[in-house]
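Spelled out, the chains give:
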Protein chains: 2
Amino acid sequence: MIYKKRTHTCGELNLQHLDQFVTLNGWVDSRRDLGGIIFIYIRDRYGKTQVVFNPQENKSLHELASALRSEFVISVTGIVKRRPPGQENNEITTGEIELIANELNIINKSETPPFQIEDNIDISEEIRLKYRYLDLRRQTLQRNLLTRHRLYQLTRKYFDENGFVEIETPILMKSTPEGARDYLVPSRVHPGKFYALPQSPQTYKQILMVAGFDRYFQIAKCFRDEDLRADRQPEFTQIDVEMSFVDEGDIFKLVEGLIVKMFEEIKGISIKTPFKILTYKDAIEKYGTDKPDLRFDLSIKYLNDILSNTEFKVFKDTIEKGEIVAGIVAPSCAHYSRSQIDNITEFVKKLGGGGLIWMKITEKGIDSPASKYISKDVLDSIVSRINAKVGDLILIVADEYKKVYNILGALRIEIANRQNLIDPNKYELLWVIDFPLLEYNPDESRYIAVHHPFTSPKFEDLELLDKNPEKVRARAYDLVLNGNEIAGGSIRIFNRELQNKMFSLLGISEAEAQKKFGFLLDSFKYGAPPHGGIAFGFDRIVMLLTGQKSIRDVIAFPKTTSAMSLMDDSPSEVDEEQLRELHIKIEK
Amino acid sequence: MIYKKRTHTCGELNLQHLDQFVTLNGWVDSRRDLGGIIFIYIRDRYGKTQVVFNPQENKSLHELASALRSEFVISVTGIVKRRPPGQENNEITTGEIELIANELNIINKSETPPFQIEDNIDISEEIRLKYRYLDLRRQTLQRNLLTRHRLYQLTRKYFDENGFVEIETPILMKSTPEGARDYLVPSRVHPGKFYALPQSPQTYKQILMVAGFDRYFQIAKCFRDEDLRADRQPEFTQIDVEMSFVDEGDIFKLVEGLIVKMFEEIKGISIKTPFKILTYKDAIEKYGTDKPDLRFDLSIKYLNDILSNTEFKVFKDTIEKGEIVAGIVAPSCAHYSRSQIDNITEFVKKLGGGGLIWMKITEKGIDSPASKYISKDVLDSIVSRINAKVGDLILIVADEYKKVYNILGALRIEIANRQNLIDPNKYELLWVIDFPLLEYNPDESRYIAVHHPFTSPKFEDLELLDKNPEKVRARAYDLVLNGNEIAGGSIRIFNRELQNKMFSLLGISEAEAQKKFGFLLDSFKYGAPPHGGIAFGFDRIVMLLTGQKSIRDVIAFPKTTSAMSLMDDSPSEVDEEQLRELHIKIEK
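Predicted model only: the values in this text are computed from it and were never measured.

**Thoughts on the domain arrangement of chain A**
Under the domain assignment, chain A is made up of domain 1 (15–108), domain 2 (142–167 + 199–278 + 430–554) and domain 3 (296–422). Inter-centroid distance (C-alpha atoms) of domain 2 of chain A to domain 3 of chain A is 37 Å.

**Thoughts on the relation of the copies chain B and chain A**
In this structure, two copies of a chain are linked by a rotation about an axis accompanied by a shift along it. You can overlay chain B on chain A at an RMSD of 0.1 Å; the transform is a turn of 180° with a shift of 0.0 Å along its axis. On the angle and the small slide along the axis, the relation comes out as a two-fold axis. A share of 100% of interface residues in chain B that are also interface residues in chain A marks the association as one of identical surfaces.

**Considering the sheet that holds strand 5 (residues 97–108) of chain B**
In a beta sheet, neighbouring strands are held together by backbone hydrogen bonds and run either parallel or antiparallel to one another. All names here are of chain B. Reading around the circumference, 1-2-3-5-4 is the order of the five strands in this closed barrel, with mixed pairing throughout. Going from strand to strand, the sheet's axes swing by 55° on average, the running direction of each strand aside. Examined bridge by bridge, strand 2 (residues 37–44) and strand 3 (residues 47–53) share seven bridges and lie antiparallel to one another. Across the sheet, Ile-40 pairs through a bridge with Val-51, a residue of strand 3.

**Digging into the environment of Asp247(A)**
Residue position: Asp247(A) is located in the loop between strand 10 (235–244) and helix 6 (248–267). Residue classification places Asp247(A) among the partly exposed positions, given a relative accessible area of 27%. With 285 residues separating them in the primary sequence, Asp247(A) and Gly532(A) have C-alpha atoms 7.2 Å apart. Those residues within four positions of Asp247(A) in sequence are excluded, and the remaining contacts are Arg475(A), Ile491(A) and Lys5(B). Separated by 3.1 Å, the side chains of Asp247(A) and Lys5(B) make a polar contact.

**Brief notes about the side chain of Asp225(A)**
Locating Asp225(A) in the fold gives a position in the loop between strand 9 (215–223) and strand 10. The buried category is assigned to Asp225(A), whose relative accessible area is 2%. Of the polar contacts made by the side chain of Asp225(A), one reaches the side chain of Arg188(B); its length is 3.2 Å. Among all residues touching Asp225(A), those that are not within four sequence positions of it are Arg181(A), Asp182(A), Tyr183(A), Arg188(B) and Leu582(B).

**Quick look at the pairing of strand 22 (residues 531–537) of chain B**
Looking along a regular strand, one sees the side chains alternate between the two faces of the sheet. Residue and element names in this part refer to chain B. Of all seven residues in strand 22, six are buried, a share of seventy percent or more. In the sheet, strand 21 (residues 484–491) pairs with strand 22 via five bridges, with the strands oriented antiparallel. What sits directly across from Ser-490, in strand 22, is Gly-533.

**Re the packing of aromatic side chains**
Under the defined criterion, the tally for this structure stands at 46 aromatic pairs over all chains. Judged by centre distance (5.3 Å) and plane angle (85°), the rings of Phe252(A) and Tyr477(A) are edge-to-face. Placement of the pair is Phe252(A) in helix 6 and Tyr477(A) in strand 20 (residues 476–481), with a sequence separation of 225 residues. The residues Phe252(A) and Tyr477(A) share a single accessibility class, namely buried. Through successive ring pairs, a cluster of aromatic residues spans Tyr158(A), Phe159(A), Phe164(A) and Phe217(A). The aromatic ring of Tyr41(B) is capped on one face by Lys48(B), whose charged end is 4.8 Å from the ring centroid. Geometry around Phe459(B) places Arg475(B) over its ring, the cationic atom sitting 5.1 Å from the centre.

**Quick notes on empty space enclosed by the protein**
All told, the structure shown has nine cavities of 30 Å³ or more when counted by the stated rule. There is about 430 Å³ of room inside the largest cavity. Lining the largest cavity are 29 residues, and of these Ile219(A), Lys221(A), Ile219(B), Ala220(B) and Lys221(B) sit closest to its centre. Those elements giving two or more residues to the lining of the largest cavity turn out to be helix 4 (139–161) and strand 9 of chain A together with helix 4 (139–161) and strand 9 (215–223) of chain B. Along the lines of polarity and charge, the residues of the lining of the largest cavity split into 16 nonpolar, five polar and eight charged. Considering only enclosed or pocket space, the second largest cavity measures out at about 140 Å³ in volume.

**Overview of the pairing of strand 16 (residues 393–399) of chain A**
Residue and element names in this part refer to chain A. Among the seven residues of strand 16, seven are classified as buried, and the element is accordingly described as predominantly covered. With burial as the criterion, each face of strand 16 is covered, one bearing Leu-393, Leu-395, Val-397 and Asp-399 and the other bearing Ile-394, Ile-396 and Ala-398. Here strand 13 (residues 324–330) pairs with strand 16 via seven bridges, running antiparallel. Of the residues in strand 16, the one forming a bridge with Gly-327 is Ile-396.

**A look at the interface of chain B and chain A**
Across the contact, 122 residues belong to chain B and 122 residues belong to chain A. Contact with chain A buries surface across chain B, with Glu168(B), Phe245(B) and Tyr526(B) losing the most and accounting together for 7% of the total. For the pair chain B and chain A, the interface holds 20 salt bridges. Measuring nitrogen to oxygen at the nearest pair gives 2.4 Å for the salt bridge that ties Asp250(A) to Lys5(B). The interface formed by chain B and chain A includes 75 residue pairs in polar contact (both at pLDDT 80 or more). Counted by class, the side of chain B that touches chain A contains 63 nonpolar, 24 polar and 35 charged residues. Note that strand 23 (residues 584–586) of chain A and strand 23 (residues 584–586) of chain B share three bridges and pair antiparallel.

**A word on the pattern of salt bridges**
As enumerated under the stated definition, the model contains 109 salt bridges over all chains in all. Between Asp119(A) and Arg138(A) there is a salt bridge, and its shortest N-O distance comes to 3.5 Å. Of this pair, Asp119(A) sits in the loop between strand 5 (97–108) and helix 2 (125–130) while Arg138(A) sits in the loop between helix 3 (132–135) and helix 4, and the two are 19 residues apart along the sequence. The exposure class of Arg138(A) is buried, given its relative accessible area of 7%. A salt bridge links Asp214(A) to Arg6(B), with the shortest nitrogen-to-oxygen separation between them at 2.8 Å. On the criterion of chain membership, the pair formed by Asp214(A) in the loop between helix 5 (202–210) and strand 9 and Arg6(B) in the segment before strand 1 (21–34) is interchain, its members lying in two chains. Side by side, Asp214(A) and Arg6(B) carry an identical accessibility label, which is buried. What emerges from the salt-bridge pattern is a single network uniting Asp119(A), Arg128(A), Arg132(A), Asp135(A), Arg138(A) and Asp553(A).

**Some points on the sheet that holds strand 4 (residues 73–82) of chain A**
One closed barrel accounts for five strands, arranged 1-2-3-5-4 (chain A); its pairing is mixed. Neighbour to neighbour, the strand axes of the sheet diverge by 55° on average, direction disregarded.

**Observations regarding the packing of helix 9 (residues 338–350) of chain A against helix 11 (residues 401–418) of chain A**
Residues and elements named next belong to chain A. At a minimum axis separation of 10 Å, helix 9 and helix 11 run at an interaxial angle of 140°. It follows that helix 9 is oblique to helix 11 by the angle criterion. By crossing handedness, the relation of helix 9 to helix 11 is classed as right-handed. Listed contacts from helix 11 to Asn-343, Ile-344, Phe-347 and Val-348 of helix 9 are Ile-407, Ala-410, Leu-411, Glu-414, Ile-415 and Arg-418. The residue makeup of the contact of helix 9 with helix 11, split by class, is seven nonpolar, one polar and two charged.

**Side note on helix 15 (residues 538–546) of chain B**
Residues and elements named next belong to chain B. Burial runs high along helix 15: nine of the nine residues are buried. Taken together, the buried positions of helix 15 are Phe-538, Asp-539, Arg-540, Ile-541, Val-542, Met-543, Leu-544, Leu-545 and Thr-546. Contacts from the buried residues of helix 15 go to helix 4, strand 10 (235–244), helix 6 (248–267), strand 20 (476–481), strand 21 and strand 22. A positive backbone phi angle near 70° is found at Gly-547, which sits one or two residues after helix 15.

**Quick notes on a nonpolar patch on the surface**
The grouping of Ile2(A), Phe459(B) and Leu462(B) at the surface amounts to a nonpolar patch, some 270 Å² of accessible area in total. Note that Phe459(B) resides in the loop between strand 19 (446–449) and helix 12 (464–467). By relative accessible area, which is 31% here, Phe459(B) ends up partly exposed.

**Observations concerning the environment of Asp160(B)**
Mapped onto the elements of the fold, Asp160(B) is located in helix 4. Under the relative-accessibility criterion, Asp160(B) is labelled partly exposed at 32%. Along the chain, Asp160(B) and Leu294(B) lie 134 residues apart, while their C-alpha atoms are 32 Å from each other. Those residues in contact with Asp160(B) that lie beyond four places of it in its chain are His149(A), Gln153(A) and Phe217(B).

**Considerations on the nonpolar core**
Counting residues in hydrophobic clusters, the biggest one holds 61 residues, and the most contacted among them are Ile167(A), Leu208(A), Tyr133(B), Leu136(B) and Phe557(B). Apart from the residues lying within four places of it in its own chain, the contact partners of Tyr133(B) are Ile207(A), Val210(A), Ala211(A), Phe519(A), Asp522(A), Ser523(A), Tyr526(A) and Met567(B). In this structure, Trp27(A), Phe115(A), Phe557(A) and Leu437(B) belong to the second largest nonpolar core, which totals 59 residues.

**Some thoughts on helix 9 of chain A**
An α-helix turns once per 3.6 residues; consequently, residues spaced three or four apart project the same way. All names here are of chain A. Here helix 9 contains 13 residues, and its C-alpha end-to-end distance of 18 Å stays within 8% of the 18 Å for a straight helix at 1.5 Å per residue. If you check which residues of helix 9 are buried, you get Ile-341, Ile-344, Thr-345 and Val-348. Buried positions in helix 9, seen along its axis, are confined to an arc of 100° and lie on one side of it. In helix 9, the exposed positions that point more than 90 degrees away from the buried face belong to Ser-339 and Lys-350. At its buried positions, helix 9 is contacted by strand 14 (357–362), strand 16 and helix 11. Phi turns positive, to about 95°, at Gly-352, one or two residues after helix 9.

Rules and cut-offs
- Residues numbered from 1 in each chain as written.
- Chains lettered and ligands numbered in written order.
- Predicted model: local features only at pLDDT ≥ 70, side-chain atom pairs only at ≥ 80, totals over all residues.
- Heavy atoms only, no water.
- Domains from an automatic or database assignment.
- Least-squares fit on C-alpha atoms with pLDDT ≥ 70 in both.
- Contact = heavy atoms within 4.5 Å.
- Pairing = 2+ DSSP bridges.
- Helix = DSSP H or I, 4+ residues; strand = E, 2+ residues; numbered from the N terminus.
- Axes fitted to C-alpha atoms, helices over the stretch in contact; angles between N-to-C directions.
- Buried < 20%, exposed > 50% of the residue type's maximum accessible area, 1.4 Å probe, protein only.
- Polar contact = N/O pair within 3.5 Å; in protein donor to acceptor, adjacent residues only side chain to side chain.
- Phe/Tyr/Trp six-rings, centres within 6.5 Å; stacked < 30°, edge-to-face > 60°.
- Lys NZ or Arg CZ within 6 Å of the ring centre and 35° of its normal.
- 1 Å grid on protein atoms, 1.4 Å probe; cavity = no way out; pocket = protein on both sides within 12 Å on 5 of 7 lines; lining within 4 Å.
- Points joined across faces, edges and corners; volume = space filled by probe spheres on them.
- Nonpolar A, V, L, I, M, F, W, Y, C, P; charged D, E, K, R; others polar.
- Buried area = accessible area lost by both parts, 1.4 Å probe.
- Salt bridge = Lys/Arg side-chain N within 4 Å of Asp/Glu carboxyl O.
- Parallel < 35°, antiparallel > 145°, perpendicular 65-115°, else oblique.
- Left-handed = near helix turned anticlockwise from the far one by under 90°.
- Patch = residues over 30% accessible without salt bridge, like charges linked within 9 Å, V, L, I, M, F, W, Y side chains within 5 Å.
- Areas by Shrake-Rupley, 256 points an atom, 1.4 Å probe, with all protein chains shown as cover.
- Core = buried A, V, L, I, M, F, W, Y, C linked by side-chain atoms within 4.5 Å.
- Expected span 1.5 Å × (residues − 1).
- Arc of directions from axis to C-beta.

Pasting the structure below:
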């Protein structure tokens, strides 16, 4: 195929190029025939340019052009001319000019694509994923991946400038499932043995600290063989960071600098530092979640103290059991009808709540099924605590600790959505700290690590480890953006005895710990420095910064929730011979 | 563990810091006791600093310091002082000062390491790999990984500045073994099906061109389950590049720019462009290899024409059979003894050669077992063609084409090594082009692709595809540095019919091609642009630029030639439950 190579891209030409002879290469984006003249837009990654084929000027060329269809790949040469007055297109960079063609090569033809190459098309995601090479021609996806490209570059530049060393950790590693399931890779050379794909480079980055690299980062592929939620992928990308001789403050400062850069360069927004810091306990008790969305307030108010003397049975019983009464305001919802209130009550019951006490604040006073059982003073205290005004609705839940805050946290977001309280152009970042170290898992009858088994307890809680492990707080931290956890990390254990103790609390025997993590434990014998780090969910950050709803729209070749690639139809069957060489058989 | 955090690194202090109070964190590198005073070097990634504990100044501190051993992690605070005259150490950046300690924390102790943390230690590679966290503390390995870090950054910066988009392609993909063996990953969700780890992102990067990304790059992890040669790893890193609307010249220019940058920034050497270009045929016939080392000449000389009338039986028979007689010069080797010549003959026989004809050029004339059978004229012509001088030795081989050039290529390097003709500080780069497209594989009774099945034939050879496929040249190119192939690529097929024809030449049925590569073939239906690309062996480039002999010394956590990680002991056995979930069984 001989064709003229481009002299310019399809997004480049403007009035400065008038009367120049140029060649463009690209795809036929669209074609119109007007009064015998053929107009096409030729498109590439950089933009599109109008090309004119006039039969009066070149009849055979016009005939050739009449064969052009959408998505044909062409090379077109011509002269750049100003568009006739009134025919400019201000939406594109080349909108003031057009190319009067005098040479055309059809480099490759195209069948009619299964869908139009344009944004906001109404087709199923299955079709989009099957024809990903066409889907990726759409402007939104091109822009998403270009933004992703810029985020890779600025992230690495930032860490490089801060003295971090980029180091690749292995993809074929040891299987140490703790938490999620590993993807396994059978070994051909060592029959019956397997590699695992990393769920994260956690142990390796700690080893790099023991090795003295001081500051490590990597944009790393990680893998989890889990049943997928809509916003998860079996393989995902994380910005992985570890530092020696640091405490939480050093990590926060580093990360805040990166976030500032990201917002500055991608969105032109300046983000204030330092970020807010909230303890896990405060996050739960004020917002009902460990990843609160702070773009709106509606914080949860504790009411037990106000209600200590009430005779209203629901509250009285709850308080006597040592449980919690708490509420939030639903601004301007006092007009809610019976059925709207029922609808919210239903919402609460679906989350496992027993019910909901509501109070409408009206001009005439408080309208509530509970008002006759509660004294005016107490009612006023509630209204004042919850900071409700006339026209507002108060929603109160009385239940055990976890349930109350979980329900009110969900209600808080529900109300904010209903009342349009969330400004989509606002970005609220905060640190959540002091997570519990351990959590009792009744199914497995053992404690599991809330962050991971390598996270250090807080010094001041160390003595609780034996007596009351559930009370021990971890030196763990999450970074939350608009209600999304975008990064999480911790200061690590760097002492062999404490690490062994942690494994034993998790019900991992010494032999098992040695078998799985022996290399890390052993490394702690030879001078391990204090260290800590963090990992960012890169796909999610790209999603939030491009304003997308799905991480699949910021990944070039994503998989479905059943972990399939619809384009190449993987996973797929393989030859018997391949399995024989790997010493495995399929178990039917 | 409470300790004072560092104010400076261990490589930072100098005369500008005199009399400042500072804190350093790091490892005890070494300790000396001199006249009751303890001197230690404290070390981190950035350097080392001498610390002095004087019992006269602080007795209890001196006592604490006497507990220090190599590789203890410490925090030490003190005042920066000029070293006494004559005690400076010019080999380190902090050599003019020392720290007079007045506070010491032992943050973590260390057992005696299994080997000293210093370069040029004499221990087995097995021990080094098992204790990789200690091995990585050695200066050479730290420096190698820091250079690797710089190469990552400059590579991405270069492609970014040239308009390339970094895009991640999947690690969990479809198994399409063609050439090497795939690593497989069983699917839990789809019983009996498997993912494969990519041998390269080849098909995906071509899909990205069909999707219109125009210029793609990625520093990508790739995997090959092969029996490992010493310089291969089961997982390796490549700089992966693809461009649309280009020919060979565009790729060469781009790559040469990157190579120039690498040498400039890493070695401070300026490399001349454009690089030499040699056809595959010329490379073989001049240097006996498709990756010639051009740091020395010793090119191979064809002798058939000179010998066409000789009666010397060996040459006569060879020429009559249509085979080749060729030779090279071994400079200053005329003094070789009988046993030295026998030794070279043995070398030739090991490579499958029948024998060797030698000629010593002495003051008295030509000394050779063949000289009595060959006329003086012809002898002179040989000497002149081979450009031999008095004192040189001529080595001639007569055999079939492949064998002659293979043997002489190996002899060429052998002689260069023996005669010290290779300047280790010289860097000779060249392109080798016009590789054959196909190669007949007698074991499989079919053609296989020399580069890969997606490589375009040269236009002018297209008509040979049916009649004489072995004669077809590919639009493939390799970049060679000092005898090492460091990159390889091609202009690709972008036409469905030609791609199908290529598969059929390779003995891949239409059904099989559709099953394995259907998505790529299908994508060619919808406007595939002309495109081409290249991939660099990143590990090897780092190895060559750091002057290392083994790629394992430029990879943080390499595997052995039997694909094991000795540090974490992977691959390893896994739980029955894990296998059950994956629907596989081990076949004993």
